Amino acid sequence: MHDTDTTAEGTGISAPLSENVNLLGSLLGRIIADQAGAATLELVEELRLLCKRAHAEGSDEPRLEAERRIRGLDLDSMRWLLRAFSAFFHLVNQAEKQEILRVNRERSCGAAARPESIDDAIGRLRAEGRSLGYVLDLLARLDLQPTLTAHPTEARRRSVLQKQRRIAELLSELRRPDATAGEVEAGGHALHNQIALLMVTDDVRSERPTVLDEVEQGLYFLQGSIWDVAFLIHSDVQRALDQHYGSDADVPPFLRWRSWIGSDRDGNPNVTADVTRSTLARHRRAALELHLRELHELREELSISDRLLPVPAPLDAVLDADAQNDDSAGGRRREPYRRLATRLIRSLQQLLDDADDPTRVNAHNAHAVRGNAYTVGEYVSDLDLIRDSLAATGLGAVARHGRIARARLLARTFGFHMAALDVRQHSRVHEEAVAALLHAAGVTSQYADMDEAARVAVLEQELSNPRPLLPPAADLPEAAREALETFAVVREAQRLDADAIGCCIVSMTHTVSDLLEPMLLAKEHGMLHVGAEGVTSTLDYVPLFETIEDLAGAAGLMHELFANPFYRRQLDARGGFQEIMLGYSDSNKDGGYWMANWALHRAQAELGSVCREHGVEFRLFHGRGGTVGRGGGRANQAIGAMPAAAHNGSIRVTEQGEVISFRYALPGIAHRHTEQLVSAMLLATAAADSRRAANAPATEPGESADAHALMDRIANASMRAYRELIDDPRLWSFYTRITPIEQISRLPIASRPVSRKTGNEVDFESLRAIPWVFAWTQTRYMVPGWYGIGRALHDVLADDTAAASLGRLYEEWPFFRAVIDNAQREMARARLPIAGHYARLIDDGDACHDAISAEFDLAAAAILRITGEPELLANSPVIRRSIELRNPYTDVLNLLQVELLRRFRDAPDDEREPLRQLLFLSINGIAAAMQSTG
């Protein structure tokens, strides 16, 4: 199953990638013939070549012939076709990852620093004349927190992911230049076997995963590549400091991972208080097990004899105290460092035993256990003692580069909690819970009917009152009880480990009361208290701005919050720090691609300014999805495109669904992704520091009033065009009938429902952004990633002066360039001739299809005029060629899906289930081909 002309010269891709694709394709072809017969392999090739001819000839006739051929197939033949083409894309995706790793290794071997690396960033800072003191201060301020979410965009089972990882490892081993003939032969057999097993492994889960299944999936990455990459990145920084500044200064951790998996309850009724409690326990157990593994390695390394090296006084004192307090210690061992490491192992093992015994740590005795437990602070201090003792006795290199350096960094990065959990809930749920609480307490039964000023007055009064609101045995509605129980779990977790909980995120924040309400719920469990000395608070509250309207009003609302006397006291209790989250998915679904991007950019600048105006330290949290329609794209480029006012060295970004497995499944890819984040943050923060220090006026084209006015004009026109499509009464019917949205809603890939509504009724407003984008991606329209910019840019380009401005902005303004380039990438991935086959599933599909096609043509012409290129993605030839090479294979999957949708629509209800299962396979296959879902 491969092209005979797939060579580096013939395809525009590298020779190593061509070789790997050819190898995998030929193996897959043999396996298809073995498992399904030669006739099936011939059918695979026939359909692929027909679709390839359609593209080469610019004619739809060969594709129509493939469609007619597919229409005559039975379900078993279609199943094998789906499995064959899906497996091909699983394999090609692994080959491309290996190519990324190969290119990165080659670039690392050169004399010059690899672009977008930490070495490159710190070298550039040195070349700019930045002092060592400044760079160390910058690193001390740096705060990057990638956040794993369980958003339902990973269509592959863990079994499939593991086999793909093994295939990737085998490819790497086969390409080793020193591999022997025997090793190559054995590797080839192993690769064949893994592909054969992949072909007979179910792509689709038999049942929807539970939340705790998702927790285990997240831990798979946290315990694997993420655990290792944390130290690799830190080592990169230390090496760069040594190379460019001759410094061996100890850099504090600046990378920490967070998670929503098991704690994000917004729209997911399956995330209960008990689920969050179990998630916290699993995270703690995972962290302790990994630290124990590190300690065993450390103990093995530190075979230092006190006969050969003196024991520093601080270490000697600790060992003496241990000997006095531990009758089992016996006489003084001759290896003092191993003795201390053994004590640390016992301490962590005791914590692990406690964590595994639910009778010891639960809601009733967590505080008592915490009072006597070995803490992460004590653990770090003990590791520091080992490090300092080594350095004091002439083993400084061991202290800086040995296992102790790794153990210290991992302890300070992951603690005993692994990844702090954020608790997210919709503002409406908090409102309903507070209303029930106030009613049960006899304060008021009218809270839900109050205006905002009255609500704030009641909330401030009750927050300032030290007494609890809830009477004993109060009868609350189930939703209110669950909301209060969630905060009880948060308090339990904080008592056991203060770092285990990140913050409380409030979705759909519109008003001041939306932040005060969860504070009142937290107060019921002692996490907020007003006393004679002021307010004490153990939790941060984070507004999430998601709609275009809310983004436009975000800075104004934060000004109100900062001016609110009680909220300001809460803020002071938390060190004057405020995190603010921005939603990329709902803003795009609400206002379209261009308006969402501009509204987010403008909100970041305004939020940075209002926080500085009020003397508030802040961190922006970017809720970016995997696709361009949900804020996706290269994260390091997005950082560089942020407004200067938003840069302060702190950032959070979500890592969602298939993005997690793409970025973190392989250690080398995880390392590269993370170093790009760090490099971008270092350079962007330093540039913003310079502008603020010099009090520099806006000099970038994009920071001028004229550029902002132009962006406003484009954004407003783009949103009008987008809303014309979305609000067209024909669109929703078109969308639900020609896309596989019904099957996507039933696809067992996540615990969260696709709609905010309960029951079977779904409309545009209630459908979540992920399945909205997912279905458009499947049909190759890619509407959320570009629609609306055609008419908007066309109108502006009619003015020659404005057209010249857009060309200059593309060359000089990172934000504008990123928006244009992301749009053209999505348009290059779109395939309107294939989308037309979906539109023809219904008699009245032409009107919507023609409207989308017309907008596409306008957008393509406008982008080419702005970029000055002859075709979309001409400035990214590798990506463009990859898309072109994939298209014939992807087209077959699309045509299979179209036929399955036709049969599903026409089949009686009792004959639909086999078709539904094949549609699930087609969805997975196209997701693999497109390398994205939602």
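Participant: How should the overall build of the protein chain be read in this particular structure?
Facilitator: When its secondary structure is counted, the protein chain shows 39 helices and 10 strands. Taking 2.2 N^0.38 as the reference for a compact globule, 934 residues should give roughly 30 Å; the C-alpha atoms of the protein chain span a radius of gyration of 29 Å, in line with that estimate. When each of the 934 residues of the protein chain is scored for burial, the buried share is 59%. Contacts in the protein chain between residues at least 24 apart in sequence constitute 82% of all its contacts with a sequence separation of at least 6. Taken as a whole, the protein chain presents about 35800 Å² of accessible surface, with 51% of it coming from carbon and sulfur. In the protein chain, 105 side chains carry a positive charge and 133 a negative one; their mean positions are 3 Å apart.

Participant: So what exactly am I meant to see when it comes to the sheet that holds strand 9 (residues 617–623) here?
Facilitator: Strand pairing within a sheet occurs via backbone hydrogen bonds; the two strands may be parallel or antiparallel. Strands sit in the order 1-2-3-4-7-8-9-10 around a closed barrel of 8 strands; the barrel is parallel. Bridge count for strand 7 (residues 541–545) against strand 8 (residues 577–583) is 2 bridges, and the pairing is parallel. Bridge pairing links Leu544 to Met581 in strand 8. Packed onto the sheet, helix 22 (residues 548–563) meets strand 7 and strand 8 and runs at close to 155° relative to strand 7.

Participant: Got a minute to help me understand the environment of Asp821 in this structure?
Facilitator: With respect to the helices, strands and loops of the structure, Asp821 is situated in helix 35 (residues 814–829). Accessibility expressed as a relative area gives 19% for Asp821, which makes it buried. With near-sequence residues (within four places) excluded, Asp821 lies in contact with Tyr810 and Asn875. For Asp821, the side chain forms a polar contact with the side chain of Gln824, separated by 2.9 Å.

Participant: Would you explain the pairing of strand 3 (residues 420–426) in this entry?
Facilitator: The side chains of a regular strand alternate between the sheet's two faces. For strand 3, the tally of buried residues reaches 7 of 7 residues, placing the bulk of the element in the interior. Residues Ala420, Asp422, Arg424 and His426 of strand 3 are buried on one face, and the alternating residues Leu421, Val423 and Gln425, pointing to the opposite face, are buried as well. Sheet topology places strand 2 (residues 258–259) next to strand 3; 2 bridges connect them, and they run parallel. Each residue of the ladder has a partner; that of Arg258, found in strand 3, is Ala420. Examined bridge by bridge, strand 3 and strand 4 (residues 501–507) share 5 bridges and lie parallel to one another. What sits directly across from Val423, in strand 4, is Cys504.

Participant: Would you take a moment to explain the environment of Leu682 for this structure?
Facilitator: Note on placement: Leu682 falls in helix 28 (residues 667–693). Considered as a pair, Leu682 and Ile118 are 564 residues apart in the sequence and their alpha carbons are 8.5 Å apart. Apart from residues no more than four positions distant in its own chain, Leu682 is found in contact with Ala121, Ile122, Leu138, Leu139 and Leu142.

Participant: Mind showing me how you'd approach the confidence of the model for the protein chain here?
Facilitator: For any part of a model where pLDDT is low, the fine detail of the predicted coordinates should not be relied upon. When pLDDT is averaged across the protein chain, the result is 89; 91% of the residues are at 70 or more. Between residues 361–371, whose pLDDT stays under 50, and residues either more than four places distant or in other chains, the model counts 14 contacts.

Participant: Can you help me understand the pattern of salt bridges in this one?
Facilitator: Between side chains of opposite charge, a pair can form as their charged atoms come close. Tallied over the full model, the rule gives 80 salt bridges. Residues Arg277 and Glu492 are paired through a salt bridge, measuring 2.9 Å at the closest nitrogen-oxygen approach. Taken as a pair, Arg277 in helix 11 (residues 273–301) and Glu492 in helix 20 (residues 478–496) lie far apart in primary sequence, 215 residues in all. Given a relative accessible area of 12%, Glu492 falls into the buried group.

Participant: Looking at this structure, how should I read helix 39 (residues 913–930)?
Facilitator: Two residues of an α-helix separated by three or four positions point the same way, owing to the 3.6 residues in each turn. A rise of 1.5 Å per residue sets the reference length of helix 39, with its 18 residues, at 26 Å; its end C-alpha atoms lie 26 Å apart and thus fit the reference within 8%. Burial within helix 39 is extensive, with 15 of its 18 residues counted as buried. Count one or two residues on from helix 39 and you reach Gln931, which has phi positive near 55°.

Participant: Where do I start with the pairing of strand 8 in this structure?
Facilitator: By the criterion of burial, strand 8 is predominantly enclosed, with 7 of the 7 residues buried. Neither face of strand 8 is open: one carries Phe577, Glu579, Met581 and Gly583, the other Gln578, Ile580 and Leu582, and all of them are buried.

Participant: Explain the packing of helix 5 (residues 75–108) against helix 8 (residues 158–174) to me, please; I cannot follow it from the model alone.
Facilitator: Two packed helices can be described by the angle between their axes and the distance between those axes. One can describe the packing of helix 5 onto helix 8 by two numbers: an axis separation of 9 Å at closest approach and a directional angle of 45°. By the angle between their axes, helix 5 is oblique relative to helix 8. In this structure, helix 5 meets helix 8 at a crossing whose hand is right-handed. Residues His90, Leu91, Gln94, Ala95 and Gln98 of helix 5 touch helix 8, and the partners they reach there are Val160, Gln164, Ile167, Ala168, Leu171 and Ser172.

Calculation rules
Residues numbered from 1 in each chain as written. Predicted model: local features only at pLDDT ≥ 70, side-chain atom pairs only at ≥ 80, totals over all residues. Heavy atoms only, no water. Helix = DSSP H or I, 4+ residues; strand = E, 2+ residues; numbered from the N terminus. Rg over C-alpha atoms; globule rule 2.2 N^0.38 Å. Buried < 20%, exposed > 50% of the residue type's maximum accessible area, 1.4 Å probe, protein only. Contact = heavy atoms within 4.5 Å. Areas by Shrake-Rupley, 256 points an atom, 1.4 Å probe, with all protein chains shown as cover. Lys, Arg positive; Asp, Glu negative; His and termini not counted. Charge placed at Lys NZ, Arg CZ, Asp CG, Glu CD. Pairing = 2+ DSSP bridges. Axes fitted to C-alpha atoms, helices over the stretch in contact; angles between N-to-C directions. Polar contact = N/O pair within 3.5 Å; in protein donor to acceptor, adjacent residues only side chain to side chain. pLDDT = per-residue confidence, 0-100. Salt bridge = Lys/Arg side-chain N within 4 Å of Asp/Glu carboxyl O. Expected span 1.5 Å × (residues − 1). Parallel < 35°, antiparallel > 145°, perpendicular 65-115°, else oblique. Left-handed = near helix turned anticlockwise from the far one by under 90°.

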